[in-house]
Amino acid sequence: MYFCNRFINGIPKDMKKILLSLTLFLGLSLSASAQGMSDTQVQTYIQRELKAGTSQSQIAMRLMQRGVTAQQLQRVRKLMQDTGTGKGSGSSTGLGAGEDLATSRLRESNGSVRVNAQGTPLVTTQVQPSGSGNTDGLTESRAQVYIPDTVDNKVNGKRVFGRDIFNKKNLSFEPAMNVATPQSYVVGPGDKVNLDIYGGSQKSQQLEVSPDGVIVVEGYGPIRIGGLSVAQANAKLRDELGQRYKSSNIRLTVGQTRTVQVNVMGEVAMPGSYPLSAFATVFNAIYMAGGVNGVGTLRNIKVFRGGRLLSTVDVYDYILNGRQAGNVHLQDNDVIIVGPYECIVDVQGFVKRPMAYEMKPNETIATLLKYAGGFANKSYKEAVRVHRTAGNRYSAHQVKEFDFGEFRLADGDSVIIDSIQGRYENTVEIQGAVFHPGMYDLANCTSVRSIIENAGGLTEDAFLARAVIHRMKTDRTKRIVSVDLDGIMAGTAPDITLENEDILYIPFRQEAMSQRTLTIWGEVQFPGTYEYADDMTIEDFILQAGGPTDAASTARVDVSRRITDPGATTSDKAIAQTFSFSIKNGYVVDGQKGFTLQPYDEVFVRKSPGYQPQRNISVVGEVLFEGVYSLPTKNLRLSEAIKAAGGVTDEAYVRGARVERILNPDERFRVEQLLRMARIQTGQGLDTTQVTRTDSIYYVGINLDKALENPGSDYDIILREGDRLVVPEYTGTVKINGNVMYPNTVAYSPGKPYKWYVNQAGGFGNRAKKSRTYILYQNGTVSRAKGSAKIEPGCEIIVPAKTKTATETIAQIGSLSTTMATIVTLLVSVMNLVK
């Protein structure tokens, strides 16, 4: 007894009360209390419980039940803070001194949590704690419910209004935990309650209701409160403890609530039993079950308690009116039955929410329109059409506006709301040469003159000689009424009375009927089409286009003018007139004097024949000064380019030199046409677009050694802009490719025939076309392989495969390791032969 008193005196006052009550509740022996737990055991226990998601208050309670003191908790807390093992507890101070854990009265969500296939909560707010912010392990400590995303709650493939409310993000219907406990809340086993005695005596206890519905009050004993409401439990405690604490107030509040087991049955995505918070409602239970399926009802959900019907829930009443009638708080073993729907009606056309709706029996079209948000702005409101199944046939009904509240809908009905007709009432329209064209009220615009005045009057370019009225006949076809506009406006002709839906059209003058333009082409800064202005000269127009470019010719500027002859009765071969001028210092010095441009003239500023931009080539490889060189003349030859580069080096393999040339537009067009013809004939072959877009460079076969020996000869070809002259190093290998047993590269052996090299690649393949074997030399030339064919260093022997068409031959070549430039080289060579 002495040891027990000494142990208790060393504990702070608040923790002493809690410890003594727990000791009484558990009946701990003095020896067990003295034994306690070591700091290491306490630390291990705390880490394990935090990982399992146990709340701080529960950890403290359990530790003190095992004989751990507040001083020991403080010591372990400091140890865990120093070593960093207390991180992640979710509290800003880590594990507290015992008072935070033991006295926290905030509640945490403890019902089931709905997760996706990865175990992530669908609604993040539903797993947040209601108090301390501790989230570590919280999701894992709650029952997880996985509902597949493939649940189909449509009816006949149509989306039904309200069916997705239980599958929306950020809407779980999970109850708020930290709200004032309703006095009608029934206390049950597992609830944590707080007993506060204040006034003459000061005492607070956190107690848990046992499975028998009993709490054990320190210094008094067990009191049964299970099955009582909060108000009834408070009254009973005052009766039981009032004699002992006459000068004090006694209050019981509910802390962490228990979970209740609720059964959700019927037409839901996942029927079953779900542990939910004691504050959970019917909506939260249906959400956990995945919402209704394709057959379930939203209008008649029933809740049974103790075998009796407790309430009926209409989800539409909540969605449309915000009322939650029947959405009661659930208790243990409540049963929610979601039955099949009775009536689904589809509404189409001009309503604000055209979709399917679930209707209660005896509901009418007026109710359906309310659910659909009412008529849209262009809807026909005087009647709607209803399509209905009648036995083995369909029937159609037209329901007038005054019968909307009487016509009752049936399952499968389809309601169609039409749009209004594109007709106007009490409306006339004016178009054309007025300041404010548009529709006007017939009551204020009864005549031609009055509607023109209301439209702001005639514009300056109005054609006054004649206007027309488009008037609707009874069969909705139109007729024309001629209008003497000049006479009506001058008062010399009678005004014309307008009728409903008349359209008065006032034309523009002929010059303004189409936009008058001028066009300039050629060597100006900004060629294009410009707006015409009277009295514009050629000099003015060139200046408006930014002035001439450096390449412009001042010796010749042409103007093309369209021929206009309204009185002609025969056609003429001439389609335009052409005028030529010379310009000096921005002024016309030669040509028709006083010449001005007319609408639709086209001006051509020619390119000067004396203008030539620089053209460059590049020389790379084994030359003394490789780089880019400008062509001094249009006919620069190979030998001259090598000379300009300082000649070749000692390591140069002149025989293998080649020219890489860029396809010009004409060559590109011919390559595309050749390949396109092959594809059309066979339906196969290379993709023309891919060939020309991927590689626009081909090889030009040259003999640089002969060109250097004989400058100016046919071997000494003329270079053009963009050419790239490559002088390689000596390559002492020969490549064997195509339909051979093993494509290979071998060392060059002088004097050996091509078949010897083919044998070095394992011989011909099974589908080899031996007679078509050819040799591609390093300098870009191609030769057919024959017995006397000469093999040179750096060349490639290509053995094609047997194919059915020429296109397949091209495709086979394309599949070899030779570059696309080789293919283009072959095609250009073929074209050159055709030429």
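Residues numbered from 1 in each chain as written. Predicted model: local features only at pLDDT ≥ 70, side-chain atom pairs only at ≥ 80, totals over all residues. Heavy atoms only, no water.

### Observations regarding the overall build of the protein chain
- When you go through the protein chain residue by residue, the secondary structure sums to 22 helices and 38 strands.
- Residues classed as buried in the protein chain amount to 43% of the 835 residues present.
- A separation threshold of at least 6 residues defines the contact pool for the protein chain, and within that pool the share at least 24 residues apart is 63%.
- Counting every atom, the protein chain has about 44,300 Å² of accessible surface; 50% of that belongs to carbon and sulfur. (Helix = DSSP H or I, 4+ residues; strand = E, 2+ residues; numbered from the N terminus. Buried < 20%, exposed > 50% of the residue type's maximum accessible area, 1.4 Å probe, protein only. Contact = heavy atoms within 4.5 Å. Areas by Shrake-Rupley, 256 points an atom, 1.4 Å probe, with all protein chains shown as cover.)

### Brief notes about the side chain of Asp-716
- Mapped onto the elements of the fold, Asp-716 is located in the loop between helix 19 (704-709) and strand 33 (724-727).
- Within the buried core, Asp-716 has no salt-bridge partner, and the shortest N-O distance to an opposite charge, that of Arg-637, equals 4.9 Å.
- Setting aside chain neighbours within four positions, we find Asp-716 in contact with Arg-637, Leu-638, Ser-639, Ala-707, Asn-710 and Pro-711. (Lys, Arg positive; Asp, Glu negative; His and termini not counted. Salt bridge = Lys/Arg side-chain N within 4 Å of Asp/Glu carboxyl O.)

### Remarks on the environment of Gly-291
- On the secondary structure map, Gly-291 appears in the loop between helix 10 (282-288) and strand 10 (296-305).
- Between the C-alpha atom of Gly-291 and that of Pro-271, which follows or precedes it by 20 residues, the distance is 9.7 Å.
- Setting aside residues no more than four positions away along its own chain, Gly-291 makes contact with Phe-166, Val-268, Ala-269 and Ile-286.

### Some thoughts on the confidence of the model for the protein chain
- Predicted confidence across the protein chain gives a mean pLDDT of 81, with 80% of residues reaching 70 or more.
- The low-confidence segment residues 15-35 (pLDDT under 50) makes 35 contacts with residues lying over four places distant or belonging to another chain.
- In the predicted structure, residues 690-694 sits below a pLDDT of 50 and forms eight contacts with residues beyond four places in sequence or in another chain. (pLDDT = per-residue confidence, 0-100.)

### Some thoughts on the sheet that holds strand 34 (residues 733-738)
- Pairing within the open sheet is mixed, and its five strands lie in the order 35-34-38-36-37. The sheet terminates laterally at strand 35 (744-747) and strand 37 (782-784), the two strands that pair on one side only. On average, each strand axis in the sheet is tilted by 25° relative to the strand beside it, whichever way the strands run.
- With three bridges joining them, strand 36 (residues 774-776) and strand 38 (residues 796-799) adopt antiparallel strand pairing. (Pairing = 2+ DSSP bridges. Axes fitted to C-alpha atoms, helices over the stretch in contact; angles between N-to-C directions.)

### Digging into the packing of aromatic side chains
- Considering all chains together, one arrives at 15 aromatic pairs under this definition.
- An aromatic cluster is defined as three or more aromatic residues linked by ring pairs; in this entry it consists of Phe-161, Tyr-316, Tyr-357 and Tyr-371.
- The ring of Tyr-600 carries Arg-562 above its face, with NZ or CZ at 4.1 Å from the centroid. (Phe/Tyr/Trp six-rings, centres within 6.5 Å; stacked < 30°, edge-to-face > 60°. Lys NZ or Arg CZ within 6 Å of the ring centre and 35° of its normal.)

### Examining helix 9 (residues 230-241)
- Its twelve residues give helix 9 an end-to-end C-alpha distance of 16 Å, which sits within 8% of 16 Å, the value for a rise of 1.5 Å per residue.
- Taken as a whole, helix 9 has its buried residues at Val-230, Ala-233, Asn-234, Leu-237 and Leu-241. The buried residues of helix 9 occupy one face: seen down the axis, they fall within an arc of 100°.
- Against the buried residues of helix 9 lie strand 3 (192-199), strand 5 (214-217), strand 6 (221-224) and strand 7 (248-254). (Expected span 1.5 Å × (residues − 1). Arc of directions from axis to C-beta.)

### Regarding helix 4 (residues 39-51)
- If you check helix 4, its first and last C-alpha atoms are 18 Å apart, about what 13 residues at 1.5 Å a residue would give, namely 18 Å.
- All buried positions along helix 4 are accounted for by Val-42, Gln-43, Tyr-45, Ile-46, Glu-49 and Leu-50. Relative to the axis of helix 4, the buried residues are bounded by an arc of 165° and lie together on one face. Every exposed residue of helix 4 that faces more than 90 degrees away from the buried side is listed here: Thr-40 and Lys-51.

### Focus: a positive patch on the surface
- Positive charge collects at one region of the surface, where Lys-755, Arg-767, Lys-769, Lys-770, Arg-772, Arg-784, Lys-786 and Lys-802 lie side by side.
- Note on placement: Lys-802 falls in the loop between strand 38 and helix 21 (806-815). (Patch = residues over 30% accessible without salt bridge, like charges linked within 9 Å, V, L, I, M, F, W, Y side chains within 5 Å. Charge placed at Lys NZ, Arg CZ, Asp CG, Glu CD.)

### A few points about the pairing of strand 28 (residues 602-607)
- As paired strands, strand 23 (residues 517-522) and strand 28 are joined by four bridges and run parallel to one another. Counterpart to Ile-520 in the pairing with strand 28 is Val-603.
- The pairing of strand 25 (residues 552-562) with strand 28 spans five bridges and is classified as antiparallel. Across the sheet, Val-557 pairs through a bridge with Val-605, a residue of strand 28.

### Thoughts on the environment of Arg-615
- When you line up the elements, Arg-615 lands in the loop between strand 28 and strand 29 (616-621).
- It is 9.1 Å that separates the C-alpha atoms of Arg-615 and Thr-633, two residues lying 18 residues apart in sequence.
- Excluding residues within four positions of it along the chain, Arg-615 makes contact with Tyr-629, Ser-630, Leu-631, Lys-634 and Glu-721.

### Examining the sheet that holds strand 13 (residues 344-349)
- Ordered by their spatial adjacency, five strands build an open sheet running 14-13-17-15-16, and the pairing between neighbours is mixed. Of all the strands in the sheet, just strand 14 (356-358) and strand 16 (393-400) have a single pairing partner and so form its edges. Between one strand and the next, the sheet's axes are offset by a mean angle of 25°, whatever the strand orientation.

### Some details on unusual backbone geometry
- Despite not being glycine, Asp-535 has its phi angle at roughly 65°, a positive value.
- Note that Asp-535 resides in the loop between strand 24 (528-531) and helix 15 (538-544).
- Exposure remark for Asp-535: the relative accessible area of 63% places this residue in the exposed category.
- You will see that Tyr-600, though not glycine, has its phi angle at about 75°, which is positive.
- Tracing the sequence through the fold places Tyr-600 in the loop between strand 27 (587-590) and strand 28.

### Remarks on the nonpolar core
- Core analysis: the biggest nonpolar cluster contains 75 residues, and Phe-166, Ile-215, Leu-276, Ile-336, Tyr-357, Ile-365 and Val-415 have the highest contact counts within it.
- With six residues, helix 10 is the single largest residue contributor to this core.
- Those residues in contact with Phe-166, other than ones at most four positions away along the chain, are Arg-114, Phe-173, Phe-283, Ile-286, Tyr-287, Gly-291, Leu-298 and Val-315.
- Counting residues in hydrophobic clusters, the runner-up holds 24 residues, among them Ala-645, Val-659, Val-671 and Leu-675. (Core = buried A, V, L, I, M, F, W, Y, C linked by side-chain atoms within 4.5 Å.)

### A closer look at the pairing of strand 24
- Note: strand 23 against strand 24, four bridges, orientation antiparallel. Residue pairing for strand 24: Leu-518 is matched across the bridge by Tyr-530.

### A look at the environment of Gln-515
- Mapped onto the secondary structure, Gln-515 falls in the loop between strand 22 (503-506) and strand 23.
- When its relative accessible area of 58% is taken as the criterion, Gln-515 is described as exposed.
- In sequence terms Gln-515 and Glu-531 are 16 residues apart; their C-alpha atoms lie 7.8 Å from each other.

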